[in-house]
Amino acid sequence: MHLIPHWIDGAETRGPDSAPVFAPATGTERARVSVGGATEVDAAVTAAAAAFETWSESSLTQRTQVMFAFRQLLVEHEEELGRIISAEHGKTVDDARGEITRGREIVEFACGLGDVLKGSFSDQVSRGVDVHSFRQPLGVVAGITPFNFPAMVPLWMHPIAIATGNTFILKPSERDPSAANFVAALYQRAGLPDGVFNVVHGGKDAVDAILDHPGIEAVSFVGSTTIARYVHERATSHGKRVQALGGAKNHAVVLPDADLEFAADHITAGAYGSAGERCMALSVAVAVGDAADRLVAILEGKAREVTVGPGDRPGTDMGPLITRAAQERVENAVTTAHTQGATVVVDGRGLKVDGHEGGFFTGPSLLDHVTAEMDAYREELFGPVLAIVRAETLAEAIDLINANPYGNGTALFTASGEAARRFQRGVKVGMIGINVPVPVPMSYYSFGGWKDSLIGDHPIHGAEGIRFYTRPKVVTTRWPRPAQLTVAGFDFPTSD
Ligand code: NAD
């Protein structure tokens, strides 16, 4: 059985422990992944700290040249990496290529770092005195990432961290670890010095070793809210800077004036794309006023048309879930919703895919008459289940969204600019789409939710990424001519 190694100091490193990696489409073990802990993390920190000495002294030009080369390699290997992701995650190859493209946009942002990393300069703040500011890297930083975007989410982090002069340790999800090693090899081919980008595989032991290690300055985390909170508390207690993005329950609100065919089409893709395993997936549709019955009828037709199959089969819309446990959790949630009074309009439970009977498949499920008290509304199901909640007014829909503990993404479907403006100003949510179902911000904006979707106060990438991976210095300068030398006073210095 193929063993996926760690990647430390530019070389594959194998440890004594390993865990299975499954092919979700068949339900069989396809490889084993090395499982690291304190020893492997310490080795990675040692390599990254040594590399930081020279990498942080390299020029901006040198660092962005590596990013240009890395970007080109991501383009050339998109299909290959897409297939690796599809095989371990289950999503379609096209969907995997989409996540690589969105991740590559962060590399492109990092290629333009020379502009966004410019400091500031104030001339003559006092007589003969100037002030300038600039930012410097932190040192060794780490990223801990979820299974659902094995390429894109790490790409939210490492290009900006590395381009700003840090060295990086990635602890990817143990469920689909191969993309991380593939990316490490591309970085090496792009000319990145050994030790600047390292991968330590594993689970809780590796995470805890990162959170506790005194040689790591900052931790970026993306995953479920429970673990985000844990990571934030533990790492900040050691004085580390932390960005911790958590789970989601994203609502799409549909007003009666919306084009219902358009809205249903986009909500279907947003709910069932990637089998609902996206932090920006739409899991609740709030049908306002008399939009409800018509919307549900169109959504039902579209859910029944979704083609479920292995991610590498042409024509597949939606692949399997990541694990057997995830499949069971999602199907049990549909059963519970029915017990609690929801109408199961489309039932995805028990779906079998020909030739892939052992795969972790479930079909799209559509639940109507869901209320805020039901488990299907309160819990992040992270699967292909769309819950319809009915509301009388837009104000009621906004109140519903704001009462939900999560605040990652939301979308409004309407023809009214006035309603859209009221919605975007009123919802306590970080990322908002107006007639856009999955409003993932571009690389030069930051990504992050509100409330339980973001623990602490650091969103990810864009200007926030630069701020997160650097710290500022402000320099006050005087170059006096001999005649201008003044006597220092004992009072607190002020400008004159
Ligand atoms: P997860 O929280 O189970 O795992 C994330 C990372 O934490 C993995 O690397 C995992 O190895 C590690 N981990 C898991 N349990 C741990 C523990 N007890 N102690 C220490 N580390 C632990 O998340 P997941 O299932 O891989 O991913 C799905 C979740 O991620 C969903 O909740 C989804 O909403 C969220 N997510 C959020 C965003 C966002 O931008 N807000 C993006 C992608 C995914």
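What counts as what
- Residues numbered from 1 in each chain as written.
- Predicted model: local features only at pLDDT ≥ 70, side-chain atom pairs only at ≥ 80, totals over all residues.
- Heavy atoms only, no water.
- Patch = residues over 30% accessible without salt bridge, like charges linked within 9 Å, V, L, I, M, F, W, Y side chains within 5 Å.
- Areas by Shrake-Rupley, 256 points an atom, 1.4 Å probe, with all protein chains shown as cover.
- Salt bridge = Lys/Arg side-chain N within 4 Å of Asp/Glu carboxyl O.
- Helix = DSSP H or I, 4+ residues; strand = E, 2+ residues; numbered from the N terminus.
- Buried < 20%, exposed > 50% of the residue type's maximum accessible area, 1.4 Å probe, protein only.
- Domains from an automatic or database assignment.
- Contact = heavy atoms within 4.5 Å.
- Buried area = accessible area lost by both parts, 1.4 Å probe.
- Polar contact = N/O pair within 3.5 Å; in protein donor to acceptor, adjacent residues only side chain to side chain.
- Phe/Tyr/Trp six-rings, centres within 6.5 Å; stacked < 30°, edge-to-face > 60°.
- Pairing = 2+ DSSP bridges.
- Axes fitted to C-alpha atoms, helices over the stretch in contact; angles between N-to-C directions.
- Parallel < 35°, antiparallel > 145°, perpendicular 65-115°, else oblique.
- Nonpolar A, V, L, I, M, F, W, Y, C, P; charged D, E, K, R; others polar.

Chemist: Even after reading the chapter, I still don't get a nonpolar patch on the surface, so can you show me in this structure?
Modeler: The grouping of Met442, Tyr444 and Tyr445 at the surface amounts to a nonpolar patch, some 360 Å² of accessible area in total. By the secondary structure assignment, Tyr444 is in the loop between strand 20 (431–434) and strand 21 (450–451). When its relative accessible area of 52% is taken as the criterion, Tyr444 is described as exposed.

Chemist: Could you clarify how one ought to interpret the domain arrangement of the protein chain in this entry?
Modeler: Bring the parts together and some accessible area is lost; that lost area is often taken as the interface size. Examined at the domain level, the protein chain breaks down into domain 1 (3–246 + 453–475) and domain 2 (250–434). Using C-alpha coordinates to define each centre, domain 1 is positioned 31 Å away from domain 2. Between domain 1 and domain 2, the residue contacts involve 21 residues of the former and 24 residues of the latter. Of the roughly 1,700 Å² buried between domain 1 and domain 2 on both sides combined, carbon and sulfur atoms contribute 61%. Broken down residue by residue, the surface that domain 1 buries against domain 2 is led by Pro24, Ala25 and Ser453, which jointly contribute 27%. Between the two partners, domain 1 and domain 2, sit one salt bridge.

Chemist: Any chance you could explain the side chain of Glu78 here in plain terms?
Modeler: With respect to the element layout, Glu78 can be found in helix 3 (residues 78–89). At a separation of 3.5 Å, a polar atom in the side chain of Glu78 contacts the side chain of Thr101. Within the structure, the side chain of Glu78 is placed 3.0 Å from the side chain of Arg104, a separation counted as a polar contact. Leave out the neighbours within four places in its chain, and Glu78 touches Arg97, Ile100, Thr101 and Arg104.

Chemist: Explanation requested: the packing of aromatic side chains in the structure shown.
Modeler: Aromatic ring pairs are reported here in terms of the distance separating the ring centres and the angle at which the planes meet. According to the stated counting rule, one finds nine aromatic pairs in the structure shown. A ring pair is formed by Phe168 and Phe197, whose centres lie 6.1 Å apart and whose planes are at 10°; its orientation type is stacked. Of this pair, Phe168 sits in strand 9 (residues 167–171) while Phe197 sits in strand 10 (residues 197–199); the two residues are 29 residues apart in sequence, bridging distant segments of the chain. The class for Phe197 is buried, based on a relative accessible area of 3%.

Chemist: Please clarify how the sheet that holds strand 1 (residues 3–4) should be interpreted in this entry.
Modeler: Note on sheets: strands pair through backbone hydrogen bonds, and any given pair is parallel or antiparallel. Spatial strand order, 1-5-4: three strands in an open sheet with mixed pairing. What marks the edges here is a single partner per strand, and that holds for strand 1 and strand 4 (18–23). In terms of strand pairing, strand 1 meets strand 5 (residues 28–34) through two bridges, oriented parallel. Across the sheet, the residue bridging to Leu3 is Arg32, located in strand 5. Contacts from helix 3 reach strand 1, strand 4 and strand 5 within the one sheet, and its direction differs from that of strand 4 by about 100°.

Chemist: What is the right way to look at the pattern of salt bridges in this model?
Modeler: When the charged atoms of two side chains with opposite charge come close together, those side chains can pair. Considering all chains together, one arrives at 29 salt bridges under this definition. One salt bridge connects Arg30 with Glu88, and the closest N-O pair in it is separated by 3.1 Å. Placement of the pair is Arg30 in strand 5 and Glu88 in helix 3, with a sequence separation of 58 residues. Glu88 gets classed as buried once you look at its relative accessible area, which sits at 1%.

Chemist: Just checking my understanding: could you explain the packing of helix 2 (residues 60–76) against helix 6 (residues 152–163) for this structure?
Modeler: For any two helices packed against each other, one specifies the crossing angle of their axes together with the interaxial distance. Closest axis-to-axis distance for the helix 2/helix 6 pair is 9 Å, and the angle between their directions is 150°. Considering their axes alone, helix 2 and helix 6 lie roughly antiparallel with respect to each other. Together, Arg63, Met67, Phe70 and Leu74 of helix 2 and Leu155, His158, Pro159, Ile162 and Ala163 of helix 6 make up the contact between the two elements. Its residues placed into classes, the contact of helix 2 with helix 6 shows seven nonpolar, one polar and one charged.

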